[in-house]
Amino acid sequence: MKKILMLICFISIFNCSVSPIFAKNKESAFDRITPKTVAGGALSLLIWPGIGQAINDEKGEKVLTHAVIGLLPPFRFWSCYDALVDRNGGYWQGRI
């Protein structure tokens, strides 16, 4: 189990360091990361999805959708990423 987690961490760190190189536009998602979005992403992952969207001043519909769908464990990671890069809009009329 430890080897799998270490592999996932290594791949994640590698992806974060390489992906800006291949960005097609000049402003990538990582350019919008601020201390506020880092805190929102951490809270969405550790406490409950939807908190990060509320910190990032998203609409109430998006916050509620993230909080309810957060009952599904894999969605916590998506909500964390969504809050981390302060992604606006999205699928399902901008809720996800």
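Above this text is the structure in question.
Quick look at the structure, then.

Conventions and cut-offs
- Residues numbered from 1 in each chain as written.
- Predicted model: local features only at pLDDT ≥ 70, side-chain atom pairs only at ≥ 80, totals over all residues.
- Heavy atoms only, no water.
- Helix = DSSP H or I, 4+ residues; strand = E, 2+ residues; numbered from the N terminus.
- Buried < 20%, exposed > 50% of the residue type's maximum accessible area, 1.4 Å probe, protein only.
- Areas by Shrake-Rupley, 256 points an atom, 1.4 Å probe, with all protein chains shown as cover.
- Arc of directions from axis to C-beta.
- Expected span 1.5 Å × (residues − 1).
- Contact = heavy atoms within 4.5 Å.

**Some points on the overall build of the chain**
(1) Moving on: Counting its secondary structure elements, the chain contains six helices and zero strands.
(2) Moving on: Across the chain, helices and strands are ordered from the amino to the carboxyl terminus as α-α-α-α-α-α.
(3) Moving on: Looking at the 96 residues of the chain, the share that counts as buried comes to 28%.
(4) Moving on: Surface exposure of the chain reaches about 6,800 Å², of which carbon and sulfur atoms provide 72%.

**A few points about helix H4 (residues 60-69)**
Given 3.6 residues to a turn, an α-helix orients residues that are three or four positions apart in the same direction.
(1) Moving on: Taken residue by residue, H4 has Lys62, Val63, Thr65 and His66 as its buried positions. Axial view of H4: buried residues confined to an arc of 165°, hence all on one face. H4 presents Gly60 and Leu64 as exposed residues on the side facing more than 90 degrees away from its buried surface.

**Examining helix H2 (residues 35-46)**
(1) Moving on: Between the first and last C-alpha of H2 there are 16 Å, a value that for twelve residues agrees with the 16 Å anticipated at 1.5 Å per step.
(2) Moving on: Residues Thr37, Gly40, Gly41 and Ser44 constitute the buried set of H2. Across the axial projection of H2, the buried residues extend over an arc of 100°, all falling on one side. H2 presents Pro35 and Leu46 as exposed residues on the side facing more than 90 degrees away from its buried surface.
(3) Moving on: Buried residues belonging to H2 abut helix H3 (51-55) and helix H5 (75-84).

**Concerning the environment of isoleucine 47**
(1) Moving on: Relative to the assigned elements, isoleucine 47 resides in the loop between H2 and H3.
(2) Moving on: Sequence separation of isoleucine 47 and arginine 76 is 29 residues, and the distance between their C-alpha atoms is 9.4 Å.
(3) Moving on: In contact with isoleucine 47, other than residues within four places in its own chain, are Ala42 and Arg76.

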